[in-house]
Number of protein chains: 2
Amino acid sequence: MSAAIEVMRHHRSIRKFTEQALSADQIEAIMASAQAASSSSFLQASAVIRVTDPELRTQVMALCGNQPYIGGAAEFWVFCADFHRHLQWVPEARTGFAEQLLIGAIDTALMGQNALTAAESLGLGGVFIGAVRNQPFELCALLELPKGVIPLFGLCLGYPAQDPEPKPRLPASLMFCENGYPARFDEGQMQAYDEQVQQYYRTRTGGNKDMSWTGQIGETLAKEARPFMLEFLHRQGFCLR
Amino acid sequence: MSAAIEVMRHHRSIRKFTEQALSADQIEAIMASAQAASSSSFLQASAVIRVTDPELRTQVMALCGNQPYIGGAAEFWVFCADFHRHLQWVPEARTGFAEQLLIGAIDTALMGQNALTAAESLGLGGVFIGAVRNQPFELCALLELPKGVIPLFGLCLGYPAQDPEPKPRLPASLMFCENGYPARFDEGQMQAYDEQVQQYYRTRTGGNKDMSWTGQIGETLAKEARPFMLEFLHRQGFCLR
């Protein structure tokens, strides 16, 4: 329907890259696309750390589950919610509200998605890295993130050296509702989706992974989810009230 | 550089719409673009409520600062973080972690930005509505959002009946850093940006608004930021630990 929609619908995370660097023009266009996203109350409560130093990149990778594509991508950017900048310029600013955590997380993610779409529209590929939240205290020390700043996600970008299939998403009817949240989602559609995901993993892994969607989320959600996060948020001055 | 980048860089929030409805094809393409965004651990922890009932739309608008474009847009969608779906299908799921609030907020915002970019690439316009967080307890009751679901932002979509200028963003050098967060951002660049924003408001409002960026964020951040939000998050089962 439009070139942009084709790009977005074709999205799949790329985790293997060639060694080719991005051009300065590409980087500038990706940054400008990111910054053009909407910003709540025009606060622009985000900062992005571009990790270009190879040694620092290796150290960051070690703090992010040692995912090799963090080291191998042409670009690695750490997207942060940032109210430190505001506190520098508006010392009387009142921060620490849970609402501001939402603003920071939502607005920074709007930027991140624009960055990825921009890159993909240029024939590049990328993957978001939630593992920047694996060891956030240590990552803050390494990247000198002061109080008021929290790393939310990373973004690897580069020229793809793989061509995976897009992953099947929940049927739209299980994600989009009309005029209210349903008392119960349709079980039959859920089961059909479970089978579709299972088939996708079987094909993609040559039978090594044989997992339905509910099976997968069950495994993920049976575990603690970064149980240090609330303490970390508090330490950085977020979500205190 | 690419059609998608042109669309994103041209973004400006649209708050006046014609009465023309979106076609079913457009709505489907926007939904599919949204769903194609990345999802942390493939949790797909989002739900979107499309408010099509005119009376309900009016009630929602009343809870969102009575912003008239919520009533006047062809489409109004409420983007929510959603772990309720998971709890239905995986009753042993462990929720309430602050980390899961971040997952829900980030992933839902990735979807939201794709939705807006998709719409804009079709010649439509839109605006995100943070005011869905104005009266979240009441909005949950109205849209029957159960525990595990929180409204994050709304999105108005429609055919533009205005053509505002894009708003000047922070210079990239004040948003993007290399290899670490700077001890202090450049004051001169900040002042130049302040003047640019002031000029933008003067021109756009015929002199009625005469505000620099630091002036504006100072006003915003001097006030409490939805101080009920933490209580609301807790009530919905978020950010408990």
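If you look chain A up in an unreviewed UniProt entry, it shows as Nitroreductase A from Oceanisphaera arctica.

A. Structural context of the overall build of chain A. The helix and strand inventory of chain A stands at ten helices and five strands. Taken against the 2.2 N^0.38 rule, which gives 18 Å for 241 residues, the C-alpha radius of gyration of chain A at 19 Å falls within 12% of a compact globule. Dimensions of chain A along its principal axes, counting C-alpha atoms only, are 55 × 50 × 35 Å. The buried share of chain A, reckoned over its 241 residues, is 61%. Long-range pairs, those at least 24 residues apart, make up 80% of the contacts in chain A with a sequence separation of at least 6. Here chain A displays about 9000 Å² of accessible surface, and carbon together with sulfur accounts for 48% of that area. Positive and negative side-chain charges in chain A, numbering 20 and 25 respectively, have mean positions lying 3 Å apart.

B. The sheet that holds strand S2 (residues 75-82) of chain B, seen in detail. Strand order in the open sheet formed by five strands is S5(A)-S1(B)-S2(B)-S4(B)-S3(B), and the pairing between neighbours is mixed. Of all strands in the sheet, those with a lone pairing partner are strand S5 (176-178) of chain A together with strand S3 (125-129) of chain B, marking the two edges. Taken over all neighbouring pairs, the strand axes of this sheet differ in orientation by 25° on average, direction set aside.

C. Examining the relation of the copies chain B and chain A more closely. For the match of chain B to chain A, the screw axis carries a shift of 0.0 Å, the RMSD comes to 0.0 Å, and the turn is 180°. This pairing of chains is accounted for by a two-fold axis. When C-alpha positions in chain B are compared against the rotation axis, the closest is assigned to Ala4(B), at 2.2 Å. Of all interface residues in chain B, 100% are interface residues in chain A too; the two copies therefore contact each other through one and the same surface.

D. Region of interest: the environment of Thr18(B). All names here are of chain B. Mapped onto the elements, Thr18 comes out in the loop between helix H1 (3-9) and helix H2 (24-35). Its relative accessible area of 30% is what places Thr18 among the partly exposed residues. Apart from residues no more than four positions distant in its own chain, Thr18 is found in contact with Gly72, Tyr159, Pro160 and Ala161. There is a polar contact of 3.2 Å between the side chain of Thr18 and the backbone nitrogen of Gln20.

E. Main features of the nonpolar core. Within the largest apolar cluster, 182 residues are counted, with the highest numbers of intra-cluster contacts made by Ile30(A) and Ile30(B). Once residues lying within four places of it in the same chain are set aside, the contact partners of Ile30(B) are Leu22(B), Trp77(B), Ala115(B), Ala118(B), Ala119(B), Leu122(B), Leu124(B) and Leu157(B).

F. Up close: the domain arrangement of chain A. Domain annotation of chain A identifies domain 1 (3-165 + 224-235) and domain 2 (172-210). Taken over C-alpha atoms, the centre of domain 1 of chain A sits 28 Å from the centre of domain 2 of chain A.

G. Local environment of the packing of helix H6 (residues 98-121) of chain A against helix H6 (residues 98-121) of chain B. Direction vectors running N to C along H6(A) and H6(B) enclose 45°, while the axes themselves pass 8 Å from each other. By the angle between their axes, H6(A) is oblique relative to H6(B). Crossing geometry of H6(A) relative to H6(B) is assigned as right-handed. Across the interface between the two elements, Leu101(A), Leu102(A), Ala105(A), Ile106(A), Ala109(A), Leu110(A), Gln113(A), Asn114(A) and Thr117(A) of H6(A) pack against Leu101(B), Leu102(B), Ala105(B), Ile106(B), Ala109(B), Leu110(B), Gln113(B), Asn114(B) and Thr117(B) of H6(B). For the contact of H6(A) with H6(B), the residue count by class is twelve nonpolar, six polar and no charged.

H. Molecular detail of the interface of chain B and chain A. Contact residues are listed per partner, giving 114 residues for chain B and 115 residues for chain A. Carbon and sulfur atoms supply 66% of the area that chain B and chain A bury against each other, a total of about 10200 Å² over both sides. In this assembly, chain B and chain A are joined by eight salt bridges. The closest approach of N and O atoms between Glu178(B) and Arg50(A), which form a salt bridge, is 3.8 Å. The interface formed by chain B and chain A includes 48 residue pairs in polar contact (both at pLDDT 80 or more).

I. The arrangement of the environment of Lys147(A) in detail. Residues and elements named next belong to chain A. Locating Lys147 in the fold gives a position in the loop between helix H7 (136-143) and strand S4 (149-158). The exposed category is assigned to Lys147, whose relative accessible area is 54%. A C-alpha to C-alpha distance of 9.7 Å links Lys147 and Leu87, two positions 60 residues apart in sequence.

J. Molecular detail of the side chain of Arg169(A). Within the fold, Arg169(A) resides in the loop between S4 and S5. A polar contact is formed between the side chain of Arg169(A) and the backbone oxygen of Lys167(A), at a distance of 2.9 Å. At 2.8 Å, the side chain of Arg169(A) and the backbone oxygen of Gln35(B) are in polar contact.

K. Highlighting the UniProt feature "domain: Nitroreductase" (unreviewed entry) in chain A. As annotated by UniProt and renumbered to match this structure, "domain: Nitroreductase" (unreviewed entry) occupies residues 9-159 of chain A. As annotated, residues 9-159 of chain A has a helix share of 44% and a strand share of 19%, and its two end C-alpha atoms lie 18 Å apart.

L. Structural detail: the pairing of strand S2 (residues 75-82) of chain A. All names here are of chain A. With eight of its eight residues buried, S2 lies for the most part within the structure. Burial of S2 is two-sided: the residues Glu75, Trp77, Phe79 and Ala81 facing one way and the residues Phe76, Val78, Cys80 and Asp82 facing the other way are all buried. Here strand S1 (residues 46-50) runs beside S2; their pairing, made up of five bridges, is antiparallel. What sits directly across from Arg50, in S2, is Trp77.

Here is what the cut-offs are and how they apply
Residues numbered from 1 in each chain as written. Chains lettered and ligands numbered in written order. Predicted model: local features only at pLDDT ≥ 70, side-chain atom pairs only at ≥ 80, totals over all residues. Heavy atoms only, no water. Helix = DSSP H or I, 4+ residues; strand = E, 2+ residues; numbered from the N terminus. Rg over C-alpha atoms; globule rule 2.2 N^0.38 Å. Buried < 20%, exposed > 50% of the residue type's maximum accessible area, 1.4 Å probe, protein only. Contact = heavy atoms within 4.5 Å. Areas by Shrake-Rupley, 256 points an atom, 1.4 Å probe, with all protein chains shown as cover. Lys, Arg positive; Asp, Glu negative; His and termini not counted. Charge placed at Lys NZ, Arg CZ, Asp CG, Glu CD. Pairing = 2+ DSSP bridges. Axes fitted to C-alpha atoms, helices over the stretch in contact; angles between N-to-C directions. Least-squares fit on C-alpha atoms with pLDDT ≥ 70 in both. Polar contact = N/O pair within 3.5 Å; in protein donor to acceptor, adjacent residues only side chain to side chain. Core = buried A, V, L, I, M, F, W, Y, C linked by side-chain atoms within 4.5 Å. Domains from an automatic or database assignment. Parallel < 35°, antiparallel > 145°, perpendicular 65-115°, else oblique. Left-handed = near helix turned anticlockwise from the far one by under 90°. Nonpolar A, V, L, I, M, F, W, Y, C, P; charged D, E, K, R; others polar. Buried area = accessible area lost by both parts, 1.4 Å probe. Salt bridge = Lys/Arg side-chain N within 4 Å of Asp/Glu carboxyl O. UniProt positions renumbered as here; feature names shortened; annotations may be inferred.

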